[in-house]
Every structure is written in C-alpha cells, then in structure tokens.
Amino acid sequence: MKLRTTLSTSVATLALGASLGLVATSSAAPGGLRPAPAPPEHPTSVDQIQNIDQVRTAIKGYYGDTPTDQVDPYAGDGKDVKLHTFAPDSAYAQEVGDLTAEAGKYLARRVAQPQHLEGRPAIILDIDDTTLTTYNYEVYSNFAYDPTVNAAFVNAGVFPAVPTMPQLTQAAAAQGYELFFLTGRPENQRPGTQANLTGAGYAGPAADHLFLKDQTLPWLSSCAPTCSSAQYKALTREHLEKDLGYDVVANFGDQPSDFTGGFADRTFRVPNPMYYLP
Ligand SMILES: [Mg+2]
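Bear in mind that the values here come from a model prediction, so they are computed numbers and not experimental data.

> Let's hear about the overall build of the chain: which residues, and what values?
If you tally the helices and strands in the chain, you get 8 helices and 8 strands. Out of the 278 residues in the chain, the part that is buried amounts to 37%. Considering only residue pairs separated by 6 or more positions, the chain has 68% of its internal contacts joining residues 24 or more positions apart.

Structure, rendered in structure tokens:
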C-alpha cells in the first residue's frame, strides 16, 4: 500500500528502462503492456482495419502454434478435434518469461524490506491467460467466445499453465507471500478451476484463496447484482487490504479490467492478443 501510484511493467517498458537505466513507471496503459494500437471504432477507410484472417495468423505465429494429440472436451460438437498449444520457444513464452523474471526480482526486493509493507504480503493472480493459457480453446473456437464451449474446457481443466508462472508463484510462496486467485469465472466452475490449477503446477489454493465471481459476497454489496469485472476485482482487492490486513504487493492480470480501481502496489500485465475485456 506504500506505493499508491500504480507502477507498471511490461517487456516493452522493461527493455526501454534497461536501455535508459530507468525504472518503468508508465501508467499510460493499466498494467503497462502496450498492445498494438486498436483500430478506430468507426473507421472511415478500410485501410484503418487489420484483416481478421491475417490477425489470426499473426496470433498463431506469436504463440508458436503446435498441434497436440489431446482432443477437445466439448461433447456437443460430436467429434474429437485435436487441440493446439503454444511452443515453449515462442515469442509468447519468451515475453512472459521476461515478465516473470522481472516480477520475481521485484517480489524478492519488496519482501526483503518488511518495514515498507503495510500488512501481510500478498499477490493477486487472475486466472484466464494470466495463470492458465486458454490458447487451445481460442484456436478450437476460432477466437470466438461461446460460453457453453468455454465452460466445457474450464470444467475439464484442460488449460496449460502460462509458462514460468507456476515457478514464480512457488518462489513467492516460499518467500512468505500469500497467493490469491481472482477470476471472473462463476462460482459453479470452482471444481474445474481448482483441479486445473493444481494439475498445471500451482499449489492448490485453499477455498478462501480462490475468488470466483459470486455477487453475494458481502464486500460487493455496492455494485451487486450487476458488478462489472473491474468492480468485482477492485472491491475484492480492497477487501483483502482493508478488511483482512494484506498488502497487495503485486497484481497479475491480462486485461484492463484486472487493474482498474487500485489496491495494488504494482501491476504486471501478461500478454494476450486474443481478446479484450475493458
Ligand atoms: Mg484474464
């Protein structure tokens, strides 16, 4: 809580900061990552819009698209479709690795100065495309969201870990951080979520360390029953800091809605070019 101004980190600002000897402090983009500029909402020329098939191809190139023998868990399609995954030497894995390396140094530095902590040190982790990669689902669905198909993937627990994130969380836990998972997934997806996290290499979070979007939670009363993701997440971080006495030292997410509303000393934005949740 000491560092009320949100510090931001991304691979882009890291590279710049390293070359200039600066600490990354940009707050232009929540979480710091600077995706390619979005096209205008109301283009006046086709020249302002990326071709959607070329964007899909670029996304697959970024993840190092790799077919697997694992079949899709959705029974409703009546067939077995082989899932795809990312490559360990992809640009995606490289950029996440750079981010977790920087985060690891930051977390070690902060916990070594307990006099500067305003509570028990804690870390917040979003799940989809922050701790678990949904690339296999996105390719299966051709990057179109379908809640029924998505739920089949979630409940089957088929998402691999975001590379290097399990190791980062294990190191943080060993240093004394409490790890809290904070996801917009609904409460009825708790068993699949818990099993997927454990299977992907995360220490299985206790029930009170895994927050799913249950709008009857008492600290959500100011926005329930229509809390946005951003409201739900910010109010839960506030609950951890104000009611439970934690200092949220770092907040890891992949979407703007993971970061708005404060209650984190620093944010880390994991790259995700596949969808956008403001
Ligand atoms: Mg996410």
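Don't stop here, the text continues.
> I'd like to hear about helix α2 (residues 52-63), residue by residue, with values.
Taking 1.5 Å of rise per residue, the 12 residues of α2 would be expected to cover 16 Å, and the 17 Å separating its terminal C-alpha atoms lies within 8% of that figure. Backbone geometry just after α2 places Gly64 at a positive phi near 65 degrees.

> Provide a residue-level description of the pairing of strand β7 (residues 246-253), including the pertinent values.
Of all 8 residues that make up β7, 8 are buried, and the element is covered over most of its length. Bridge count for strand β4 (residues 120-125) against β7 is 6 bridges, and the pairing is parallel. Counted as the bridge partner of Ile123 is Ala250 from β7. As defined by bridge partners, β7 adjoins strand β8 (residues 266-269) across 3 bridges and the pair is classed as parallel. Looking at the pairing, Asn251 lines up with Thr267 of β8.

> Give a description of the nonpolar core that names residues and reports values.
Counting residues in each nonpolar core, the largest one holds 52 residues, and the members touching the most others are Ala122, Ile123, Ile124 and Phe180. Setting aside residues up to four positions removed in sequence, Ile123 forms contacts with Ala172, Tyr177, Leu179, Phe180, Val249 and Ala250.

> So, helix α5 (residues 147-156): which residues are in play, and what are the values?
Looking at α5, one finds that the buried residues are Ala152, Phe153 and Val154. Contacts from the buried residues of α5 go to α4 (135-140), β5 (178-186) and α7 (190-199). Just past α5, the residue Gly157 takes up positive phi, approximately 65 degrees.

> Describe in detail unusual backbone geometry, supporting the description with residues and values.
With an omega of 5 degrees, the peptide bond between Ala224 and Pro225 qualifies as cis. For Pro225, the position within the fold is in the loop between β6 (210-213) and α8 (229-243). Even without a glycine there, the phi angle at Thr164 is positive, about 75 degrees. With respect to the element layout, Thr164 can be found in the loop between α5 and α6 (165-174). The phi dihedral of Phe263 falls on the positive side, at around 60 degrees, and the residue is not glycine.

> How would you explain the environment of Ala264 if you had to name every residue and give the values?
Summarising the element assignment, Ala264 is placed in the loop between β7 and β8. Sequence-wise, Ala264 and Asn251 are 13 residues apart; in three dimensions their C-alpha atoms are separated by 6.0 Å.

> So what's going on with the packing of helix α3 (residues 91-111) against α6? Residues and values would help.
It is the contact of α3 with α6, at a shortest axis distance of 10 Å, that shows an interaxial angle of 5 degrees. Judged by the angle between their axes, α3 and α6 are roughly parallel. Between α3 and α6, the contacting residues are Thr100, Ala103, Gly104 and Leu107 on the first element and Met165, Leu168, Ala171 and Ala172 on the second.

> Explain the confidence of the model for the chain to me, using residue names and the numbers behind them.
The predicted model of the chain has a mean per-residue pLDDT of 89, with 88% of residues at 70 or higher. Contacts for the low-pLDDT stretch residues 1-30, under 50 throughout, to residues beyond four places or in other chains number 56 contacts.

> Let's hear about the environment of Cys227: which residues, and what values?
Assignment of secondary structure puts Cys227 in the loop between β6 and α8. When residues no more than four places from it in sequence are discounted, the contact partners of Cys227 are Gln215, Leu220 and Tyr232.

Reading the values: rules and limits
- Residues numbered from 1 in each chain as written.
- Predicted model: local features only at pLDDT ≥ 70, side-chain atom pairs only at ≥ 80, totals over all residues.
- Helix = DSSP H or I, 4+ residues; strand = E, 2+ residues; numbered from the N terminus.
- Buried ≥ 20, exposed ≤ 12 C-beta atoms within 10 Å, placed from the backbone.
- Contact = placed C-beta atoms within 7 Å.
- Expected span 1.5 Å × (residues − 1).
- Pairing = 2+ DSSP bridges.
- Core = buried A, V, L, I, M, F, W, Y, C linked by C-beta atoms within 7 Å.
- Axes fitted to C-alpha atoms, helices over the stretch in contact; angles between N-to-C directions.
- Parallel < 35°, antiparallel > 145°, perpendicular 65-115°, else oblique.
- pLDDT = per-residue confidence, 0-100.

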